[in-house]
Structures are given as structure tokens and as C-alpha cells.
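Remarks on the overall topology
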Amino acid sequence: QVQLVESGGGLVQAGGSLRLSCAASGLRFRTYTMGWFRQAPGKEREFAAVISWSGDRTYADSVKGRFTGSRDNANTVYLQMNSLKPEDTGVYYCAAGRRIGAMKVDDYEYWGQGTQVTVSS
């Protein structure tokens, strides 16, 4: 059974850094595109970053230049978040899908439970 488990969230001050991890199991990790989404209270889940199975990476404009996604080709995808801003606050979700460069929620088949990231001013 497919399972995605996020970790690494927490409380950080504005300007600080945080690294999220997502451990995947039950799927052929190398064949899946891995996406990162986030959701603030009262808002829709939004795209943050995607690391495709091809190795290509794409970022939302809101995080470009500050966030870096990567994968170890074993079972884990990462999101290195630097220069964090209060507007980055939200629950961050890891997702797995087949489509290269997928940026839509509906493009993904599997989801983790999320990890909370809170950035204080």
C-alpha cells in the first residue's frame, strides 16, 4: 500500500530555513513525479514545487529562488525552504503522481497527511 510521510515541519522565524522530507513506500519511487503543495487556513491547496521522475524541477512563482526540491532516488523527496516568510505558513503536503511537471492537485494520485510549517514575523 502506498504511503507518503512528511516530516520536518515546525516553527521558524521569518528569514529562517527549514527542510521538509517525504518518505515514500509502496510505489516505484523512481517512476513517480513528486510534488509539494501547501494549504493555509481558509485557502485552497496550492502548488509549491514539483520534482518530476525525469529529474526536472518546477516551482511556483511565490517560492521560486527560495525553495529547492530534490530527491535521493531511493525513497525520499525533500523541500529545502530558505528565506521563509510568514505567508509561507501552512500545512505542506507531499504527493506522488505520474505526470511530468504536474502542478495541479488533480494530477496526483497519492498524498501524505501533511506537516505544519509556521513562520513567525
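Source: prediction; values computed, not measured.

1. Points about the state of the cysteines
A full pass over the atoms with the stated rule returns one disulfide. Covalent S-S linkage joins C22 and C94, the inter-sulfur distance amounting to 2.1 Å. On the sign convention where negative is left-handed, the bridge of C22 and C94, at about -80 degrees about the S-S bond, is left-handed. Of this pair, C22 sits in strand β3 (residues 18-25) while C94 sits in strand β9 (residues 90-97), placing them 72 residues apart in sequence. Assessed through its relative accessible area of 0%, C94 is described here as buried.

2. Some details on the environment of N75
Relative to the helices and strands, N75 resides in the loop between β7 (67-71) and β8 (76-81). Separated by 71 residues in sequence, N75 and L4 have C-alpha atoms that sit 9.7 Å apart. Leaving out residues up to four positions away in the same chain, N75 has contacts with C22, A23, A24 and F29. Among the polar contacts made by the side chain of N75, one reaches the side chain of T76 at a distance of 3.0 Å.

3. Some words on the pattern of salt bridges
Under the definition given, this model contains six salt bridges. For E46, the salt bridge is made with R38, and the minimal N-O distance between the two is 2.8 Å. Across the salt bridge formed by K64 and D61, the nearest N and O atoms sit 3.2 Å from each other. By relative accessible area, which is 67% here, D61 ends up exposed.

4. Here we look at the sheet that holds strand β1 (residues 3-7)
Ordered by their spatial adjacency, four strands build an open sheet running β1-β3-β8-β7, and the pairing between neighbours is antiparallel. Across the chains shown, the open sheet's two edge strands, defined by having one partner strand only, are β1 and β7. Taken pair by pair, the neighbouring strands of this sheet meet at an average axis angle of 15 degrees, ignoring direction. Where β3 and β8 come together, six bridges link them in antiparallel fashion. Bridge pairing in β8 places R19 opposite Q80.

Scoring rules and cut-offs
Residues numbered from 1 in each chain as written. Predicted model: local features only at pLDDT ≥ 70, side-chain atom pairs only at ≥ 80, totals over all residues. Heavy atoms only, no water. Disulfide = S-S within 2.5 Å. Helix = DSSP H or I, 4+ residues; strand = E, 2+ residues; numbered from the N terminus. Buried < 20%, exposed > 50% of the residue type's maximum accessible area, 1.4 Å probe, protein only. Contact = heavy atoms within 4.5 Å. Polar contact = N/O pair within 3.5 Å; in protein donor to acceptor, adjacent residues only side chain to side chain. Salt bridge = Lys/Arg side-chain N within 4 Å of Asp/Glu carboxyl O. Pairing = 2+ DSSP bridges. Axes fitted to C-alpha atoms, helices over the stretch in contact; angles between N-to-C directions.

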